[in-house]
Every structure is written in structure tokens, then in C-alpha cells.
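Listed below are the residues making up each chain.
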Amino acid sequence: MLPPDRRLRRFVQLFVGLYLYGLSSALMIRAQLGLDPWDVFHQGLVKHTGLSFGAITIIVGAVVMLGWIPLRQKPGIGTISNVIVVGLAVDASLAFLPTPQNLVLRIVFLVAGVVLCGFATGCYVGAGMGPGPRDGLMTGLVARTGKSVRLVRTCIEVSVLVVGFLLGGSVGFGTLFYALTIGPLVHVFLPLMKVRTDREADTVVALRS
């Protein structure tokens, strides 16, 4: 069981993480050096629909969550919040972030965006209130197919990247940088941000003693 103060922390951490995730996407968009695979897909759809980036992010998240039904995945509060909050956060962040013209500033925006994405992922996943729609799709397919997480994740990411690129999404150095660094970043931040029960906390303390 979680004590009341940690329950509050879970909610605060969830929504802070989701906002920061949206901010991280906005930073990478403004850097104009290439986006992560899903945002390449989102940007491609933006170019063909005229909708805002945030609106497309919400719509795609909702459609992906519908894909959970045949996979028998159950969304949590964090899942539904992810669909809505990230999209709103992207549009809100794009409204105040400038587009840097200097290459050095663009690289700073890119690096800040990727690192912030890793931290934000650690926050909202560590809150333990349900996976994001895209993560849930991955785990559902792993459970149904029996294939490895690595294979399923790679197939999903490559598929949306290719479709997004064909739609006109931005692929570049930033896409490769994200692919190489996001895993290690989440590996570092997730254990730091995980909200543990009293029993889990006592176990961690005992292991460190």
C-alpha cells in the first residue's frame, strides 16, 4: 500500500511528467534537426490535415488506445491523461518557444529535448498509473504474439517512422540521436522516479546497506 503522501506524489509526478514530455517534443520540433519516430509520424499528419501538432498527437493517441481493445489491454488514469495532456502541452509549449536560427542553439534545443524526454518518461511511468497508449500497444502485442519487446518495439517504431517520413515528417540527426540515447536515459531516470510502496522502499534500503 502507498501512504497518502505518496499517492499525492504519484498524481503530481504523473502530470508534471506528461507536461514535460510535451515540452520535450516542442523543443525537438523547434530544433528542426529531426524528431523521434512517433513525432515524425505526427508531423507528417500535421502537413496533410492542417491540424495543430497537439491535436494530431491527441487523435493518434486515442486511435492507438482503441487498438488496445482486441489486445485486451486495460487503460489506467495515466493512459487517458497521457492522450490528452501531452497534446495540450505540445501546443502550449510551441506557442512560447522560439525557432532558433543559430545551429548551436538548435543543437542545445535538441539535446535538452531528448534529455527532458527521458526524465519525463521516468516521471510518468514511475508514477505507476498506467502506460501511455503507445507503450500499451507494444506490451499488448508482446503478450499476444510472444515476440520479444525489442522486436515488437523496433517494428512499431520503424513502421511509424517510415510512414511519417513518406508523409513529410522531419527525419535527421535528431532522429538518430534520440534512438541512441533515449533508452539509456530512461534506464537512469526511471529507477530514480519510481514511486515505491513501503515494502519496496525497505527492500531498496536493505540492498544498499
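Residues numbered from 1 in each chain as written. Predicted model: local features only at pLDDT ≥ 70, side-chain atom pairs only at ≥ 80, totals over all residues. Heavy atoms only, no water.

S.K.: What should I look at first to understand the environment of Gly61 in this one?
M.R.: The residue Gly61 is located in helix H3 (residues 53-66) in this model. In this structure Gly61 comes out as buried when scored by relative accessible area, which is 1%. For the pair formed by Gly61 and Gly17, sequence separation is 44 residues and the distance between their alpha carbons is 17 Å. Contacts of Gly61, omitting those with residues within four sequence positions, involve Val83, Pro133 and Arg134. (Helix = DSSP H or I, 4+ residues; strand = E, 2+ residues; numbered from the N terminus. Buried < 20%, exposed > 50% of the residue type's maximum accessible area, 1.4 Å probe, protein only. Contact = heavy atoms within 4.5 Å.)

S.K.: How do you make sense of the nonpolar core when you look at a structure like this?
M.R.: The nonpolar side chains of a soluble globular protein tend to be buried, and buried together. Tyr21 and Tyr178 are the most contacted members of the largest nonpolar core, which totals 32 residues. Only helix H1 (4-31), helix H5 (77-96), helix H6 (103-126) and helix H9 (173-193) provide two or more residues apiece to this core. Beyond its immediate sequence surroundings of up to four residues, Tyr21 is in contact with Val86, Cys117, Ala120, Thr121, Tyr124 and Tyr178. Phe41, Val60, Val64 and Leu71 belong to the second largest nonpolar core, which has 13 residues in total. (Core = buried A, V, L, I, M, F, W, Y, C linked by side-chain atoms within 4.5 Å.)

S.K.: Just checking my understanding: could you explain the confidence of the model for the protein for this structure?
M.R.: The predicted coordinates should not be examined in detail at positions where pLDDT is low. Across the protein, pLDDT averages 89, with 91% of residues at or above 70. A low-confidence stretch, residues 200-209 stays under pLDDT 50, and its non-local contacts, those more than four residues away or across chains, total five contacts. (pLDDT = per-residue confidence, 0-100.)

S.K.: Help me out: how do you make sense of the pattern of salt bridges in this one?
M.R.: Once the charged atoms of two side chains with opposite charge are near each other, the side chains can pair. This model, assessed by the stated rule, comprises two salt bridges. Taking the shortest distance from any N to any O, the salt bridge between Arg153 and Asp135 comes out at 3.5 Å. In this pair, Arg153 is assigned in helix H8 (residues 149-166) and Asp135 in helix H7 (residues 133-145), connecting sequence segments 18 residues apart. Classification of Asp135 as buried rests on a relative accessible area of 19%. What makes Arg153 partly exposed here is its relative accessible area of 35%. Through salt bridges with shared partners, a single network forms among Asp135, Arg153 and Glu157. (Salt bridge = Lys/Arg side-chain N within 4 Å of Asp/Glu carboxyl O.)

S.K.: Quick question: what am I supposed to make of the packing of H3 against H7 here?
M.R.: Packed helix pairs are specified by the crossing angle of their axes together with the interaxial distance, meaning the distance between the axes. In contact at an axis separation of 8 Å, H3 and H7 are set at 25° when each is read in the N-to-C sense. Taken as axis vectors, H3 and H7 run roughly parallel relative to one another. The crossing of H3 and H7 is left-handed. Contact residues: H3 offers Thr57, Val60, Gly61, Val64 and Met65, while H7 offers Pro133, Arg134 and Leu137. Looking at the contact of H3 with H7 residue by residue, the classes come out as five nonpolar, two polar and one charged. (Axes fitted to C-alpha atoms, helices over the stretch in contact; angles between N-to-C directions. Parallel < 35°, antiparallel > 145°, perpendicular 65-115°, else oblique. Left-handed = near helix turned anticlockwise from the far one by under 90°. Nonpolar A, V, L, I, M, F, W, Y, C, P; charged D, E, K, R; others polar.)

S.K.: I keep staring at the packing of aromatic side chains and nothing clicks. Help me out?
M.R.: By convention here, two paired aromatic rings are described through the distance between centres and the angle between planes. By the definition in use, this model includes four aromatic pairs. Centre to centre, the rings of Phe119 and Phe189 are 5.4 Å apart; their planes meet at 80°, and the pair counts as edge-to-face. With Phe119 in helix H6 and Phe189 in helix H9, this residue pair connects regions lying 70 residues apart in the sequence. On the accessibility criterion, Phe189 (19% relative accessible area) is buried. Aromatic side chains Phe173 and Phe177 sit 6.0 Å apart centroid to centroid with 25° between the ring planes, which places their arrangement in the stacked category. Linking Phe173 with Phe177, this pair stays in helix H9, spanning four residues, or about one helical turn. The aromatic ring of Trp38 is capped on one face by Arg134, whose charged end is 5.1 Å from the ring centroid. (Phe/Tyr/Trp six-rings, centres within 6.5 Å; stacked < 30°, edge-to-face > 60°. Lys NZ or Arg CZ within 6 Å of the ring centre and 35° of its normal.)

S.K.: How do you make sense of a nonpolar patch on the surface when you look at a structure like this?
M.R.: Together, Val158, Val162, Phe165, Leu166 and Val171 make up a nonpolar patch on the protein surface, roughly 480 Å² of accessible area in all. Relative to the assigned elements, Val158 resides in helix H8. Owing to a relative accessible area of 44%, Val158 belongs among the partly exposed residues under this scheme. (Patch = residues over 30% accessible without salt bridge, like charges linked within 9 Å, V, L, I, M, F, W, Y side chains within 5 Å. Areas by Shrake-Rupley, 256 points an atom, 1.4 Å probe, with all protein chains shown as cover.)

S.K.: Please explain the environment of Ile29 as it appears in this structure.
M.R.: Among the secondary structure elements, Ile29 is positioned in helix H1. Put simply, Ile29 and Arg6 are 23 residues apart on the chain and 34 Å apart in space, counted from C-alpha to C-alpha. Ile29 has contacts with Leu35, Phe53, Val90 and Leu94, leaving out every residue within four places of it along the chain.

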